[in-house]
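Letter by letter, the chains look like this.
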Amino acid sequence: MLTRLAAAVALGAAVLVVPTMASAASACDVTYTVNSWSNGFTADVKVTNRSAAVSPWTLTWTFPGDQRVTSGWSATVTQSGSAVTAAAPSWAPSLGTGASASFGFQGTYSGANTAPASFSLNGVRCGEDTTTPPSSPPPSDPPPSNPPPTDPPTSPPPGTPSGTEGFEGSTANWTTTYPDCSGAGKATFDGSVAHSGSKSLRIDGAAGYCNHVFVRNTSLLPAGNVWFVRYWVRHTTALPASHITTVALQDTADGNRDLRFGGQNGALQWNRASDDATLPEQSPAGVAQSAPLPTGSWNCVEFKVNGTDGTMQTWLNGTSVPGLLEDGVPTHDVDGQWLNKTYRPRLADLKLGWESYGEGSDTLWYDDVAASTSRIGC
């Protein structure tokens, strides 16, 4: 049997990848990827079944330290003492021979955040020999019915976007706006830079409040009360310390004030215009749980806003950002301000652009914008 250990860096935090012991005849393989900060962490878990098909599936393990699970996605994750159980989601209860499932959770710890020593799938320890049915050899890739590995959705697998925009054809649905005042900000459709195709939306945003500019679309968001948005963005200057907005959505349930997405203190941030609440909180520990937006390259940004229960989630290049997760359960340094009032948004438009409330200028390109009632993916 073989073991592997690798380390990398993502979202400014250490990531430890620890697959369990595996052999050609093992019952299952598990990849456990950790993103830690001072006293908290998120973990992405991928389990591959090497034995007979199971339905429903359950993965169990024991924490070696004082780790505590606070929330989970794409599986029901519960903890009793140091023992943890992850049960299959209702929309994907089966795990066939050779198939994989991915889920994740957020937790807290003190001292060392050591990875579990072993995992068991439906009571059989991963890494132990078992007999694989000869009529069902493991496929080389997971079946498409499973959620994408290392990419934890909070709903069933991605569907077809109800609205998409690559800026290749008519742009009549996009209207340039200058909220409150206008200045040096400019919006153009650029034929020299694109993520795909031959055109993108270019925003030249200058420092100072009146130098903002947005392009507005009132038809892209789907009907209903749950919205998933995906876009690709490329920008030139690191997010400033001052508050800026790059995406704004009119909220008709909050006095028509905007739900704003941008950055502050060098990291991505949500901001509610009606009461200036932020997600995450702008404490050093809160900012550390968000992520910078890399410059000089195309980056995939996805977010979910649920108008029924007020929950929100944001992904950067396929990875859920802990500081931008509002799951209805209070998390220290993340959503204390956000949960100060009952928030049930009703979104009416999508605006892309730049707004600076102090210092900070940037040139940005947006492309391949899509919206749907289910997660779209990058």
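First, a word on what this report is: a plain description of the structure on this page. (Residues numbered from 1 in each chain as written. Predicted model: local features only at pLDDT ≥ 70, side-chain atom pairs only at ≥ 80, totals over all residues. Heavy atoms only, no water.)

## Looking at the pairing of strand S22 (residues 299–306)
Part 1 of the reasoning: Of all 8 residues in S22, 8 are buried, a share of seventy percent or more.
Part 2 of the reasoning: Residues Asn299, Val301, Phe303 and Val305 line one face of S22 and the alternating positions Cys300, Glu302, Lys304 and Asn306 line the opposite face, and both faces are buried.
Part 3 of the reasoning: Here 8 bridges tie strand S17 (residues 226–235) to S22, and the two strands are oriented antiparallel to one another. Across the sheet, residue Val233 finds its bridge partner in S22, namely Asn299.
Part 4 of the reasoning: Of the strand pairs in this sheet, S22 and strand S23 (residues 312–316) are connected by 5 bridges, and their pairing is antiparallel. The partner of Phe303 across the bridge, within S23, is Thr314.
Part 5 of the reasoning: If you look at the hairpin formed by S22 and S23, you'll find 5 residues sitting between the two strands, and Gly310 has a positive phi there, around 80 degrees. (Buried < 20%, exposed > 50% of the residue type's maximum accessible area, 1.4 Å probe, protein only. Helix = DSSP H or I, 4+ residues; strand = E, 2+ residues; numbered from the N terminus. Pairing = 2+ DSSP bridges.)

## Digging into the pattern of salt bridges
Part 1 of the reasoning: Within this structure, the stated rule accounts for 9 salt bridges.
Part 2 of the reasoning: Asp258 is the salt-bridge partner of Lys351, the closest N and O atoms lying 3.2 Å from each other. With Lys351 in strand S25 (residues 350–356) and Asp258 in strand S19 (residues 257–264), the pair connects residues that are 93 residues apart, well separated along the chain.
Part 3 of the reasoning: Among the residues examined, Asp258 registers a relative accessible area of 22% and is labelled partly exposed.
Part 4 of the reasoning: Arg272 is paired through a salt bridge with Asp275; the nearest N and O atoms lie 2.9 Å apart.
Part 5 of the reasoning: Of the residues examined, Arg272 reaches a relative accessible area of 0% and is grouped as buried.
Part 6 of the reasoning: Overall, Asp275 belongs to the partly exposed group, its relative accessible area being 35%.
Part 7 of the reasoning: Several salt bridges share partner residues, and in doing so they unite Arg216, Asp258, Asp349 and Lys351 into one network. (Salt bridge = Lys/Arg side-chain N within 4 Å of Asp/Glu carboxyl O.)

## Let's talk about the packing of aromatic side chains
Part 1 of the reasoning: Evaluation of the coordinates by the stated rule reveals 18 aromatic pairs.
Part 2 of the reasoning: Where Trp61 meets Phe63, the ring centres are 6.2 Å apart and the plane angle is 80 degrees; that geometry is what we call edge-to-face. No difference in accessibility class separates Trp61 from Phe63, as the two residues are buried.
Part 3 of the reasoning: Through successive ring pairs, a cluster of aromatic residues spans Tyr32, Phe41, Trp57, Trp61, Phe63, Phe103, Phe105, Tyr109 and Phe119.
Part 4 of the reasoning: Over the face of the ring belonging to Trp338 we find Arg272, whose NZ or CZ atom lies 4.5 Å from the ring centre. (Phe/Tyr/Trp six-rings, centres within 6.5 Å; stacked < 30°, edge-to-face > 60°. Lys NZ or Arg CZ within 6 Å of the ring centre and 35° of its normal.)

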